[in-house]
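# Summary of the model geometry
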Amino acid sequence: MPTYTTETKQEEKQSPLLYTPSVKEREDGEAVYSHIDDMVEIRNQTYRQFNCEYGDRTLLQYSDDNDKRVNGYLLTRDEASKEDWQSNIFNKITRAKLKALAASVALQVPDFIYKATNKNGFFSAQRAELMKQFVRFTRLLGQNPKVETFFEVWELLVKGTVIKYDGYLKTREKQEIITKFDPTTGAVETKEEEVISEDRAVDILVPLSELFIADFRIFDIQKQPRIAWIKNYTLEDLTPEFEHYPKFKHVRSKGQLMKFENYIETFFYKSWSNRIKKEDQYEVVKYYSKADKTYQVWINGIQILKTPLLWGKRRKLYPFSKGINELFEGTQFFYGMSFPHLIEGMQDMSNTVLNTMLDKFLRSLLPPMLGGLVNKDLLDLEDEYVNQDNKIYVPDV
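Residues numbered from 1 in each chain as written. Predicted model: local features only at pLDDT ≥ 70, side-chain atom pairs only at ≥ 80, totals over all residues. Heavy atoms only, no water.

## Examining the confidence of the model for the protein chain
In the predicted model, the protein chain carries a mean pLDDT of 82, and 82% of its residues have values of at least 70. Averaged pLDDT values over the elements of the protein chain bottom out at 39 in helix 1 (residues 6–14) and peak at 95 in strand 5 (residues 211–213). This model gives residues 1–15 a pLDDT under 50, and the stretch forms 15 contacts once residues within four places in sequence are excluded. (pLDDT = per-residue confidence, 0-100. Helix = DSSP H or I, 4+ residues; strand = E, 2+ residues; numbered from the N terminus. Contact = heavy atoms within 4.5 Å.)

Set out below in structure tokens:
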């Protein structure tokens with residue numbers, strides 16, 4: 001930790017930007033950000049499961065390549081080492097097959113089977129039906145189950161893995177309440193009130209780029225020793241969710257803290273600032289750990305919340321669920337194989353065959369011709385297709 005000089009302490013006292021955490025908070029921060037650094041390092045490694053013709057890939061490279069194949073991303077002719085006359089087409093069979101598969105599966109929302117028992121341990125159909133309707137109501141509240149299911153299936157096929165967060169969202173914020181409105185004059189009277197804007201159960205699709213796990217070799221997400229959900233917020237997104245936490249007033253953006261970066265290791269500035277691209281963004285770390293028996297929330301190096309894991313009573317749980325498209329070699333790897341990876345060879349073969357056929361067809365319409373260099377000017381002048389380079393000049397025919 002840095003040694004504070006008298007000048008530094010005076011600047012701290014004068015500036016509302018700086019917050020000095022307690023010794024316990026510093027210890028927690030060192031532990032959390034150390035584990036996050038380990039998880040980032042693990043995710044940035046290449047894995048044989050993500051292998052392609054150019055070698056092994058990282059998770060993000062694998063995800064990016066899947067997106068490119070689904071979107072029909074096309075290299076330029078220069079990048080593909082092709083001449084101007086050659087065909088350069090991406091045949092989107094991956095997208096067509098994926099869309100057909102997603103439509104056939106996602107149109108029917110899965111119907112869950114619920115079982116419940118009474119206090120004597122006997123099956124209770126009434127309790128089971130009640131729970132079923134409770135869950136159905138929460139899914140219908142502000143959501144379209146068919147659309148949500150389609151997005152989940154699409155993500156599952158494109159990425160190979162889908163992660164869902166199941167939790168509860170409750171936010172309070174100040175809003176202008178209209179008390180009187182005159183439609184003829186447009187006169188409006190309002191009053192400001194603090195209202196509960198969100199109060200419902202939510203399930204959120206978590207991008208793979210935002211979720212960090214401790215061990216890629218552990219298949220079950222509930223058996224991971226640690227999980228971190230790291231997401232960048234703007235101030236507008238951050239305020240409704242966290243403004244009522246006592247320590248939220250100490251949170252500052254990267255831009256505000258840059259002037260103090262020489263002596264703010266107490267904010268763990270170097271641990272999070274490199275992951276933020278814009279100075280007005282905030283990195284929110286939600287850290288879940290069964291190994292440490294804790295749930296913590298950190299915003300730009302400030303500990304907003306620390307509590308035991310909130311989910312589960314006797315058996316603690318993470319508020320995440322996982323699905324995969326297809327196993328790799330077995331249950332020794334956390335992530336699943338994507339659909340674009342599954343038909344990668346077919347896609348590449350289709351592109352090669354189609355482009356080769358078009359090239360040959362073009363050459364059959366305009367076959368190459370050998371000509372002597374002494375006749376070059378005459379042949380170029382007589383050629384009505386001035387934009388077709390089909391003549392090959394040699395010193396002597």
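## A word on helix 3 (residues 59–71)
For helix 3, with 13 residues, the first-to-last C-alpha span of 18 Å sits near the 18 Å given by 1.5 Å per residue. Those residues of helix 3 that fall on the buried side of the exposure criterion are L59, Y62, S63, N66, R69 and V70. The buried residues of helix 3 occupy an angular sector of 125 degrees when projected down its axis, which confines them to one face. Once helix 3 ends, the next one or two residues include G72, with phi positive near 70 degrees. (Expected span 1.5 Å × (residues − 1). Buried < 20%, exposed > 50% of the residue type's maximum accessible area, 1.4 Å probe, protein only. Arc of directions from axis to C-beta.)

## What about the nonpolar core?
Counting residues in each nonpolar core, the largest one holds 38 residues, and the members touching the most others are L238, Y288, I299, F320 and Y335. Once residues within four sequence positions are removed from consideration, I299 is found in contact with L238, F242, V251, Y282, E283, V284 and I304. (Core = buried A, V, L, I, M, F, W, Y, C linked by side-chain atoms within 4.5 Å.)

## Observations regarding the packing of aromatic side chains
Tallying each qualifying case throughout the model produces 24 aromatic pairs. With a centroid separation of 4.6 Å and 10 degrees between ring planes, the pair formed by Y47 and F216 is classed as stacked. Highlighted residues: Y47 in strand 1 (residues 47–52) and F216 in the loop between strand 5 and strand 6 (226–233), separated in sequence by 169 residues. Each member of the pair, Y47 as well as F216, is classed as buried. Positioned above the aromatic ring of F219 is the side chain of K322, whose terminal nitrogen or guanidinium carbon lies 3.7 Å from the ring centre. (Phe/Tyr/Trp six-rings, centres within 6.5 Å; stacked < 30°, edge-to-face > 60°. Lys NZ or Arg CZ within 6 Å of the ring centre and 35° of its normal.)

## Structural notes on a nonpolar patch on the surface
On the surface, a nonpolar cluster with roughly 400 Å² of combined accessible area is contributed by M346, M349, V353 and M357. Residue placement: M346 occurs in helix 11 (residues 344–365). (Patch = residues over 30% accessible without salt bridge, like charges linked within 9 Å, V, L, I, M, F, W, Y side chains within 5 Å. Areas by Shrake-Rupley, 256 points an atom, 1.4 Å probe, with all protein chains shown as cover. Salt bridge = Lys/Arg side-chain N within 4 Å of Asp/Glu carboxyl O.)

## Some remarks on the environment of Q61
As for its placement among the helices and strands, Q61 is situated in helix 3. Judged by its relative accessible area of 40%, Q61 falls in the partly exposed class. Considering only alpha carbons, one finds Q61 and T46, 15 residues apart in sequence, at a separation of 9.0 Å.

## Side note on the sheet that holds strand 7 (residues 282–289)
One open sheet accounts for 5 strands, arranged 5-6-7-8-9; its pairing is antiparallel. Across the chains shown, the open sheet's two edge strands, defined by having one partner strand only, are strand 5 and strand 9 (302–307). Going across the sheet, the axis of each strand differs from the next one's by a mean of 15 degrees, ignoring polarity. One ladder, built from 3 bridges, connects strand 5 with strand 6; its direction is antiparallel. Each bridged residue has a counterpart across the sheet, and for F212 the counterpart in strand 6 is A228. Strands in contact with helix 2 (residues 23–43) are strand 5, strand 6, strand 7, strand 8 (294–299) and strand 9; relative to strand 8, the strand with the most contacts, it is inclined by about 90 degrees. Along the sheet, helix 7 (residues 235–242) makes contact with strand 6, strand 7, strand 8 and strand 9, crossing strand 7 at roughly 45 degrees. (Pairing = 2+ DSSP bridges. Axes fitted to C-alpha atoms, helices over the stretch in contact; angles between N-to-C directions.)

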